[in-house]
Amino acid sequence: MRKIYYNHDGGVDDLVGLFLLLQDPNIELVGVGVVNGDCYVEPALSASLKIIEQFGHHQMIPVAESTSRPRNPFPQAWREHAFTIDALPILNNHYTHQSSMIELPAHEHLTHLLKDSDEPIDLVFVGPLTDLASVLKTNPSLQDKVNHLYWMGGTFLAEGNVQEPHHDGTAEWNAFWDPEAVAIVWQSNIDITMVGLESTNKVPLTNTIRFDWAQDREFPGIDFLGQAYSLVPPMAFIQTNSTYFLWDVLTVAYALNSNLAMHQTVNGKVVTHGVSQGRTYQDISGRPIQLVYDVHHDDFFEFITSLAKNVKR
Ligand code: AGV
Ligand code: CA
């Protein structure tokens, strides 16, 4: 069975990504790390445990809290979404606190998982790369235990999604949170698929999608999608700084099914300091990255909807 490790930072789509990984019978989710990034980590951990217990088909999945800290923290308004997800009645009606928290920081937990595994593991990171950078700093040889890294982050477009007063707007947020971590991970020889803004820009949350999910809400998994995404604003008329895309969900879906999107190899570098910090850019001397630059939009939504229907009524 293919092994996947998931490291997320507690946003709405991070938690939906966890939910979807639990619905695929063809993979083994070997561990989860939760970073104090696009969330407050306490409710994000608690919500992760509830999602595993409620929607995890009796899988016991170890969850560890990250000790990673930002160079550039996320806006508070976004981080607060985790409190609401954790409080959703559909995550609290049966909760019995059975899921297990690991007493190690996430990067140490990941170190052990890689060391102890006979076969290489696939990593899915949908927040900053800090925990993986920490693993590689102390145990560089563990890069050989990574089969493939799928990362939601970065962009080679001129425009990123950071709008902060000390920055020029060229970076994507997960790279901006800890640019040095991107540089460290990119120095390794790990095979990297980067789900950049090129493709995630093509899967905004829209009111049509919300409406479709609402029609199917007798399926508990579809109801969960609808409730979770009710916290965030859709693409209605124009894109704003808070417009929500299915960034991490596309990353998870692509890791599970590479037919859903298109990729090409690009040589990339990252800016670690100054007004463009976190910017990823093409450079012939950069390291090869498999960039997911486009997506089969309708196939993607069909894929996640059918996974969500694996939760029994
Ligand atoms: O840059 C995308 C990353 C993804 O991992 N996150 C959200 C996803 O979890 C940061 C982010 C960018 N714009 C946002 C974000 C927004 N409008 N709301 C919340 N988070
Ligand atoms: Ca995220």
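Quick look at the structure, then.

Reading guide: rules and limits
Residues numbered from 1 in each chain as written. Chains lettered and ligands numbered in written order. Predicted model: local features only at pLDDT ≥ 70, side-chain atom pairs only at ≥ 80, totals over all residues. Heavy atoms only, no water. Buried < 20%, exposed > 50% of the residue type's maximum accessible area, 1.4 Å probe, protein only. Helix = DSSP H or I, 4+ residues; strand = E, 2+ residues; numbered from the N terminus. Polar contact = N/O pair within 3.5 Å; in protein donor to acceptor, adjacent residues only side chain to side chain. Contact = heavy atoms within 4.5 Å. Salt bridge = Lys/Arg side-chain N within 4 Å of Asp/Glu carboxyl O. Pairing = 2+ DSSP bridges. Axes fitted to C-alpha atoms, helices over the stretch in contact; angles between N-to-C directions. Donors = N, O, S within 2.8 Å, 3.2 Å for Na, K, Ca; no water. Core = buried A, V, L, I, M, F, W, Y, C linked by side-chain atoms within 4.5 Å. Near = heavy atom within 4 Å. Areas by Shrake-Rupley, 256 points an atom, 1.4 Å probe, with all protein chains shown as cover. Nonpolar A, V, L, I, M, F, W, Y, C, P; charged D, E, K, R; others polar. Right-handed = clockwise from strand over helix to strand, strands pointing away.

## A closer look at helix α12 (residues 220-229)
- Burial analysis of α12 places seven of its 10 residues in the buried class, which makes it a mostly covered element.
- Taken residue by residue, α12 has Gly 221, Ile 222, Asp 223, Phe 224, Leu 225, Ala 228 and Tyr 229 as its buried positions.

## Re the side chain of Thr 272
- Here Thr 272 shows up in the loop between β7 (261-270) and β8 (280-282).
- Since its relative accessible area comes to 19%, Thr 272 is described here as buried.
- Side chain to side chain, Thr 272 and His 273 meet in a polar contact 3.0 Å long.
- Leave out the neighbours within four places in its chain, and Thr 272 touches Arg 71, Pro 179, Glu 180, Ala 183 and Gln 277.

## With respect to the pattern of salt bridges
- Applying the stated rule across the entire model yields eight salt bridges.
- Residue Asp 86 pairs with Lys 50 through a salt bridge whose shortest N-O separation is 2.9 Å. Note that Asp 86 is positioned in helix α4 (residues 81-87) and Lys 50 in helix α2 (residues 41-55), a separation of 36 residues in sequence.
- Using a relative accessible area of 15% as the deciding quantity, one classes Asp 86 as buried.
- A salt bridge links Asp 216 to Lys 309; the shortest N-O distance between them is 3.2 Å. One end of the pair, Asp 216, is in the loop between α11 (207-215) and α12; the other, Lys 309, is in the segment after α14 (297-308), and 93 residues separate them in sequence.

## Let's talk about the sheet that holds β8
- With respect to topology, nine strands assemble into an open sheet ordered β3-β2-β1-β4-β5-β6-β9-β7-β8, the strand pairing being mixed. In the strand order of this sheet, the two ends are held by β3 (63-65) and β8, each with one partner. Looking at each pair of strands side by side, their axes are set apart by 30° on average, direction ignored.
- By the bridge criterion, three bridges tie strand β6 (residues 192-195) to strand β9 (residues 287-295) in an arrangement that is parallel.

## Thoughts on the coordination of the calcium ion (ligand 2)
- Donor atoms from the polypeptide that bind the calcium ion (ligand 2) are Asp 9 (OD), Asp 14 (OD), Asp 14 (OD), Val 126 (O) and Asp 248 (OD), placed at 2.4 to 2.6 Å.
- Asp 14 sits in the buried class, given a relative accessible area of 1%.
- For Asp 248, a relative accessible area of 3% corresponds to the buried category.

## Examining the environment of Asn 161
- Along the chain, Asn 161 turns up in the loop between β5 (146-152) and α8 (173-177).
- Note: C-alpha distance between Asn 161 and Asn 257 (96 residues apart in sequence) is 26 Å.
- Discounting residues that sit within four places of it in the chain, Asn 161 has contacts with Gly 169, Ala 171, Glu 172, Trp 173, Leu 197, Asn 241 and Trp 247.
- Among the polar contacts listed, one links the side chain of Asn 161 to the backbone nitrogen of Trp 173, at a separation of 2.9 Å.

## Examining the nonpolar core
- Formed by 69 residues in total, the largest nonpolar core has its most connected members in Tyr 229, Leu 246, Phe 300 and Ile 304.
- In this structure Phe 300 touches Val 203, Leu 246, Val 249, Leu 250, Ala 253, Leu 260 and Val 295, once residues within four positions along its chain are discounted.
- Counting 33 residues, the second-largest nonpolar core is a separate cluster that includes Leu 136, Leu 142, Val 182 and Ile 192.

## Looking at the site of ligand 1
- Neighbouring residues of ligand 1: 17 residues in total, closest Asp 13, Asp 38, Val 126, Glu 172 and Asp 248.
- The separation between an oxygen atom of ligand 1 and a polar side-chain atom of Asp 14 is 2.9 Å.
- Asn 174 places a side-chain nitrogen or oxygen 3.0 Å from an oxygen atom of ligand 1.
- In isolation ligand 1 offers 430 Å² of accessible surface; the protein chains occlude 99% of this area.
- At the level of elements, α1 (12-21), α8 and α13 (247-256) are the ones that each hand at least two residues to the shell around ligand 1.
- Here the shell around ligand 1 is built from residues that sort into seven nonpolar, five polar and five charged.

## Topic: the pairing of strand β2 (residues 27-34)
- Most of β2 sits out of view: seven of its eight residues are buried.
- Here β2 runs beside β3; their pairing, made up of three bridges, is parallel. In the sheet register, Val 32 faces β3, and the bridge partner there is Val 63.
- Running through α2, the crossover from β2 to the neighbouring parallel element β3 is right-handed.

## Things to note about unusual backbone geometry
- Of note in the backbone geometry, His 57 takes a positive phi value of approximately 50° without being a glycine.
- By relative accessible area, which is 37% here, His 57 ends up partly exposed.

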